[in-house]
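Structure assessment
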Number of protein chains: 2
Amino acid sequence: MNNLTSWLHEHLLKLNLTEEMDYENGFTRLSYTDEEKQAHKAFQHIAENLQLEVQTDQAGNLWATWNVDKGAPTVAVGSHVDTVSSGGGYDGVAGVLTGLAAIKLLKDQNFTPEKNITIICFASEESARFGVSTIGSKAISGLLDKEDVVDVEDANGITIKQSIESFGLSWETIQHAEREKKDLESFLELHIEQGTQIEDNAAEIGIVRGVACPIRLKVTATGMANHTGTTPMNRRSDAFAAVAPLITFVEEQANLLNEGDSLPLVATVSTGHVSPNVMNVIPGEVELGIDIRSVDDSLKKKLAERIKDFCKEIESNRSVNVDVQTLVDNDSVILDKTIQKKLSAVTDSLTIKPLIMDSGAGHDVMNMAHKWPSGLIFIPCENGISHHPREYASLEDLAKGTKVIAEYLRVETGEHA
Amino acid sequence: MNNLTSWLHEHLLKLNLTEEMDYENGFTRLSYTDEEKQAHKAFQHIAENLQLEVQTDQAGNLWATWNVDKGAPTVAVGSHVDTVSSGGGYDGVAGVLTGLAAIKLLKDQNFTPEKNITIICFASEESARFGVSTIGSKAISGLLDKEDVVDVEDANGITIKQSIESFGLSWETIQHAEREKKDLESFLELHIEQGTQIEDNAAEIGIVRGVACPIRLKVTATGMANHTGTTPMNRRSDAFAAVAPLITFVEEQANLLNEGDSLPLVATVSTGHVSPNVMNVIPGEVELGIDIRSVDDSLKKKLAERIKDFCKEIESNRSVNVDVQTLVDNDSVILDKTIQKKLSAVTDSLTIKPLIMDSGAGHDVMNMAHKWPSGLIFIPCENGISHHPREYASLEDLAKGTKVIAEYLRVETGEHA
C-alpha cells in the first residue's frame, strides 16, 4: 500500500470503531445513539490531527474546518457515519473519510487554499431507527419540520426528542443548526454507488446529475374473506388473485418506459400484506407498496397514472375494490450543472473514467442542494451490495475518490478560483 | 313460531350462553377454555331435561344417551360447541342443537327406539387456539397422536396439556377416550354448509358424499434483496415479480380443472409473506401458501404437479430459486354410501329437496368415518358466511335439519331397523 491507501485503510477502521473490517456482522450505529456519538468522536480526533477546527452544531452535525480567512467563502464536502442495523462500513463513511483524506493530500502537497474548506459529518442520515432520514442535513438546510417528527418513536418507544437530548443536544434549539445561504459557497458529497452502473459501464467514478426521489403508492385490494374449502371458484372475491397481475404489470411497464426514454426509471412492488393470511381463508384484503423512481419526474407520474388505470381495470373485471393512495410524491433533485462540468474536467485531468449518471437513492446532498450549488460523486461498491455487512469498496476506489475531491478543492479554492 | 322453532330458538340461545344472538361481535369459545366448558354445561343441562344420561369422556367429549337396552347397538349423532375467535353462533352448535331437538321430537311423538341413541358434543373442534383441529373426535376415533401435539402452545404460551388439565381432565388418560368399533353402529353429523351451493342449486339440504381434505403447498421464491432506487430493472432478482404469475396460474388452472371434471376442485393462494417487506428494498424472498381441495384426490394431485412444473418454468426464466414443499397431503374422506341412500329416502319422504354434494371443510365426521359408517348433512347458511359474527342459519332450516335427523333416527332405530 502506498501512503494514501494506507492512510485510508487506517482511518476507515478508526471511523468504523474497529481494528478489522467485519464483513460477517457489519456495523450498527443508529441515529443519535452512543455508537454514532463514538464515530463522531473518531471523526473529530482525525480532523484535529489534520489541524482542522471542529465544531458541533445544534443538530449534532460536526464541521471540521480549514479556516484561512474569515472573510472568504467556504466550500463544503461531507457525508455521514451513522448506519442501518447490521449495515456496511462504507455507506456514509466513504464520503467523510475521503473528504478528510483530500485535506491530508492537499496539506501534504503544501497547498494553501484561498477559501475556507469544511468537512461536514452529518448527523443521523439513515432512517433505520426512526423512519426519518437525513435529520442533520435537513436541519442545516432549513428543511427540518420539528412538528412532523416530534412524536416519532424507535422500536423501543424512544422518541426523536428523547434521543436527541440523550445525545447531549437540546430539542429546543435543534433548528438553530440552519445555516444561511452566504455561509457556504457550494457542497460536494462522495458516496458509494449502492448499484453496479459504474462497473457495468466500465467506468471508474460516477458524476451524478440528479437524485431520483420516489413516488410511493399504497394499493389496497378489498374482496371478501371466505373459507377456501367451501367457496366455489365462481363465487369468490379473492383480493390476492385479483391484484397479482398488478405486480407483473409494474415490472413490465417500468421496462417499457426505459426503452423509450433516455433517463432510467425503476419501479418495484416492494411490500405485500395479505389478510387474514391463514391457510384456509381466501385473502379478503391485500396491500401492496410500490416504489417508483426516476430523475425524470414526468416519467414517474406517467407510470403512477398507468398503475391507477390498471387498478380501475381490475375493479371493473373482478368483484374487488382497489384503492390507490399516494404516500409520497417528491420531485427529484437536479444537481448543479456547473459543478458537474468542473468534476468532469477534474476526472479528465486525472484520467479517471467518469460515468454521468443518476442516483436512485437519497443522500444528504439532496437537502444541501435546496440551498447551495451541490454535487455528488459515486465510487463503485462490490456487486452493488449495500445496507449489508458484505458492503465493500476497495481502497483503490477510495483513493480515486480522494484524488477527485482533492483536485476539485484545489481548483475550487485555489488562486483565481 | 311453532313449537319446534321456538324450542330451537330458545336452546340456540342457551348453547350460545346468551339472551340474544350477537351478529355484531359474534361468539368466542376457544378450545378447552372456560367458555367452551360453560357451553358444555348448557348442553348437559338441556340433555338432562330431555331425560338423557350425560357422561364426559377422558378427552372432554360429552355423551348424552337415550339408553333403552345395554345389549342393543348405539346410533350416534353430534357436532361441537367451541368456536373460533369472534365466530358465529351456528358452526357446531347447529349440529348439537338439532340432534337434541330430534330427541325432543321423537319423545314428543312417544317414539321408543329399539337401539340406544347418543348425542355427542365433541370437545375442541376448531383449530383457532392451538392450530390443531377436532381433538375430541380424534381421541374417540383413536386418531390422536399425543406426541404430535404435546408441545403445541396457544398465543399466550399455554400448551394443550396445560389447557386440558385446567379443563378438569388428565393429560395422562386423554387417549382412553378412544371407543371400540362395537361401541357405535353409525354416526351422523349435521353442520352449516359454510358455502352457497345448496342455495345456488335451489335445494334445501345437502347430503354429503365426501370431505375434501387439502393438499397444502409452501412455495418459497428466493431472489436477491437490493435497493429499489439503485438497482436497474435488468439487474434484479425480484422474488415477488418472479412468483406473481403463479398466483394467477393457480386460479386459472383450478377453473380449467373444474370444466373437465364432475367433482369440483378449489385452489387458493391464501398466504403471502414478503421479505424484507420494506419500501426501498426489492423483495429478496416471497413465501406463498397454497390450499387445494377436492374429494377427487387425483384432481388435487394433478394441480399440485402443474404448480410444481410452473415453478420450474419460473426458475428457468428468471434469476430466482423456487422451492415447493408439500405441507399437507391428506386423502379425502369418502362417507358411507348406505347412509347417504337412507338420508335421500328420508328427505324424499319429508319432501325436502336435497343436493348431493361434497364438503370442502373438515368436520368431526372426518375422524368418526375412519372407524364407523358415517354421514354428514348440511343446512344452508346465509351467503355462505361462516367463522364470522354475521354467520346465520334460519330457524326454518334448523327445523328442517331436525326433522331429517329425527326421521333418520326413527328409521335407523325403529322396529325392524
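In this text, all values refer to a predicted model and were calculated from it rather than measured experimentally. (Residues numbered from 1 in each chain as written. Chains lettered and ligands numbered in written order. Predicted model: local features only at pLDDT ≥ 70, side-chain atom pairs only at ≥ 80, totals over all residues. Heavy atoms only, no water.)

Moving on to the packing of aromatic side chains. Both the distance between ring centres and the angle between the ring planes are used here to describe each pair of aromatic rings. All names here are of chain A. Inspection of every chain in the model, using the stated rule, returns 10 aromatic pairs over all chains. With 5.1 Å between their ring centres and 75 degrees between their planes, Tyr32 and Phe167 make a pair best called edge-to-face. You can see Tyr32 sitting in the loop between α1 (3-15) and α2 (34-49) and its partner Phe167 sitting in the loop between α6 (160-166) and β5 (186-192), a full 135 residues away along the chain. Judged by relative accessible area, Phe167 falls into the buried class, the value being 5%. Taken together, the aromatic side chains of Tyr23, Tyr90 and Tyr392 make up a single cluster linked through ring pairs. (Phe/Tyr/Trp six-rings, centres within 6.5 Å; stacked < 30°, edge-to-face > 60°. Helix = DSSP H or I, 4+ residues; strand = E, 2+ residues; numbered from the N terminus. Buried < 20%, exposed > 50% of the residue type's maximum accessible area, 1.4 Å probe, protein only.)

Turning our attention to the relation of the copies chain A and chain B. When chain A is brought onto chain B, the operation consists of a screw motion whose angular component is 180 degrees and whose axial shift is 0.2 Å, with 0.1 Å RMSD remaining. The two molecules are tied by a two-fold rotation axis, judged by turn and shift. Proximity to the rotation axis, assessed at the C-alpha, singles out Ala244(A) in chain A; its C-alpha lies 2.9 Å from the axis. Of the interface residues in chain A, 100% have counterparts in chain B that sit at the interface too, so the contact is made through matching surfaces. (Least-squares fit on C-alpha atoms with pLDDT ≥ 70 in both. Contact = heavy atoms within 4.5 Å.)

Residues and elements named next belong to chain A. In the structure shown here, the tally under the stated rule is 38 salt bridges over all chains. Residues Arg216 and Asp291 are paired through a salt bridge, measuring 2.9 Å at the closest nitrogen-oxygen approach. Taken together, the residues Arg216 in strand β7 (residues 214-222) and Asp291 in strand β11 (residues 285-294) connect sequence positions 75 residues apart. For Asp291, a relative accessible area of 0% gives the class buried. (Salt bridge = Lys/Arg side-chain N within 4 Å of Asp/Glu carboxyl O.)

All names here are of chain A. Of all seven residues making up strand β4 (residues 116-122), seven are buried, and the element is well covered by its neighbours. Both faces of β4 are covered, namely the face carrying Asn116, Thr118, Ile120 and Phe122 and the face carrying Ile117, Ile119 and Cys121. As judged from the seven bridges shared by strand β3 (residues 74-80) and β4, these two strands associate in the parallel manner. Directly across from Ser79, in β4, lies its bridge partner Cys121. Handedness of the β3-helix α3 (residues 93-108)-β4 crossover: right-handed. (Pairing = 2+ DSSP bridges. Right-handed = clockwise from strand over helix to strand, strands pointing away.)

Turning next to the interface of chain A and chain B. For interface size, the figure often reported is the accessible area lost on association. Every contact between the two is made by 58 residues of chain A and, on the other side, 59 residues of chain B. Each partner contributes to the roughly 4,400 Å² buried at the junction of chain A and chain B, and carbon and sulfur atoms together form 57% of this total. When the area that chain A buries against chain B is broken down by residue, the three leading residues are Thr230(A), Met233(A) and Met279(A), summing to 16%. In this assembly, chain A and chain B are joined by four salt bridges. Here Asp200(B) ties to Arg235(A) by a salt bridge, and the two come within 3.1 Å at their closest N and O atoms. On inspection of chain A and its partner chain B, the count reaches 20 residue pairs in polar contact (both at pLDDT 80 or more). (Buried area = accessible area lost by both parts, 1.4 Å probe. Polar contact = N/O pair within 3.5 Å; in protein donor to acceptor, adjacent residues only side chain to side chain.)

Attention shifts here to the nonpolar core. Among the nonpolar cores identified, the biggest contains 68 residues, and Leu246(A), Ile292(A), Ile307(A), Leu246(B), Ile292(B) and Ile307(B) are the most heavily contacted of them. Those residues in contact with Leu246(A), other than ones at most four positions away along the chain, are Val219(A), Leu288(A), Ile290(A), Ile307(A), Phe310(A), Cys311(A) and Ile314(A). (Core = buried A, V, L, I, M, F, W, Y, C linked by side-chain atoms within 4.5 Å.)

All names here are of chain B. One can describe the packing of helix α10 (residues 337-349) onto helix α12 (residues 395-413) by two numbers: an axis separation of 9 Å at closest approach and a directional angle of 115 degrees. The element α10 and its partner α12 pack so that their crossing is right-handed. Here Ile339, Lys342, Leu343, Val346, Thr347 and Ser349 of α10 lie close against α12, whose contacting residues are Val404, Glu407, Tyr408 and Glu412. When grouped by side-chain class, the residues that make up the contact of α10 with α12 number five nonpolar, two polar and three charged. (Axes fitted to C-alpha atoms, helices over the stretch in contact; angles between N-to-C directions. Left-handed = near helix turned anticlockwise from the far one by under 90°. Nonpolar A, V, L, I, M, F, W, Y, C, P; charged D, E, K, R; others polar.)

The next subject is a negative patch on the surface. All names here are of chain A. Taken together, the side chains of Asp145, Glu147, Asp148, Asp151 and Glu153 define an acidic patch exposed on the protein surface. If you trace the backbone, Glu147 turns up in helix α5 (residues 146-149). For Glu147, a relative accessible area of 63% gives the class exposed. (Patch = residues over 30% accessible without salt bridge, like charges linked within 9 Å, V, L, I, M, F, W, Y side chains within 5 Å. Areas by Shrake-Rupley, 256 points an atom, 1.4 Å probe, with all protein chains shown as cover. Lys, Arg positive; Asp, Glu negative; His and termini not counted. Charge placed at Lys NZ, Arg CZ, Asp CG, Glu CD.)

Another point: unusual backbone geometry. Geometrically, the link from Ser275(A) to Pro276(A) is a cis peptide bond, its omega value of 5 degrees lying close to zero. Along the chain, the position of Pro276(A) falls in the loop between β9 (265-275) and β10 (281-282). Positive phi, close to 55 degrees, is recorded for Leu17(A), a residue that is not glycine. Inspection of the secondary structure assignment puts Leu17(A) in the loop between α1 and α2. Look at Leu17(A) and you get partly exposed, because its relative accessible area is 42%. Despite not being glycine, Ser86(B) shows a phi value in the positive range, around 50 degrees.

Attention shifts here to the domain arrangement of chain A. All names here are of chain A. Assigned domains within chain A: domain 1 (3-211 + 332-413) and domain 2 (215-329). Here the C-alpha centroids of domain 1 and domain 2 sit 36 Å apart. With nine residues of domain 1 at the interface, the matching set in domain 2 holds seven residues. Approximately 530 Å² of surface area, both sides summed, lies buried where domain 1 meets domain 2, with 49% of it carried by carbon and sulfur atoms. When the area that domain 1 buries against domain 2 is broken down by residue, the three leading residues are Ser332, Asp358 and Gly360, summing to 70%. Our count for the domain 1 to domain 2 interface comes out at zero salt bridges. Counting every contact that joins domain 1 to domain 2 gives four residue pairs in polar contact (both at pLDDT 80 or more). Ranked by the residues each element gives to the side of domain 1 that touches domain 2, the list is headed by strand β6 (residues 205-211), at three residues. Along the lines of polarity and charge, the residues of the side of domain 1 that touches domain 2 split into three nonpolar, four polar and two charged. (Domains from an automatic or database assignment.)

Turning our attention to the UniProt feature "binding site: allantoate" (unreviewed entry) in chain A. As recorded in UniProt, the feature "binding site: allantoate" (unreviewed entry) lies at Arg216(A), Asn280(A) and Arg293(A). In summary, the annotated positions, distributed over 78 residues, remain apart in three dimensions as well, the widest C-alpha pair reaching 37.4 Å. When sequence neighbours within four positions are dropped, the list of residues in contact with Arg216(A) reads Ile290(A), Asp291(A), Arg293(A), Gln325(A), Thr326(A), Leu327(A), Val328(A), Met279(B) and Asn280(B). At 2.9 Å, the side chain of Arg216(A) and the side chain of Asp291(A) are in polar contact. Along the polypeptide, Arg293(A) turns up in strand β11. (UniProt positions renumbered as here; feature names shortened; annotations may be inferred.)

Quick look at helix α1 (residues 3-15) of chain B now. Since there are 3.6 residues in each turn of an α-helix, residues three or four apart along the chain are aligned in direction. Residue and element names in this part refer to chain B. When the terminal C-alpha atoms of α1 are compared, their 18 Å separation across 13 residues agrees well with the 18 Å that a helix rising 1.5 Å per residue should span. Among all positions in α1, only Leu4, Thr5, Trp7, Leu8, His11, Leu12, Leu13 and Leu15 are buried. The inward-facing, buried residues of α1 contact α2 (34-49), α3 (93-108) and α12. Backbone nitrogen of Leu4 and a side-chain oxygen of the N-cap are separated by 3.0 Å at the start of α1; the cap is Asn2. Among the residues trailing α1, Leu17 stands out with phi positive, at a value near 55 degrees. (Expected span 1.5 Å × (residues − 1).)

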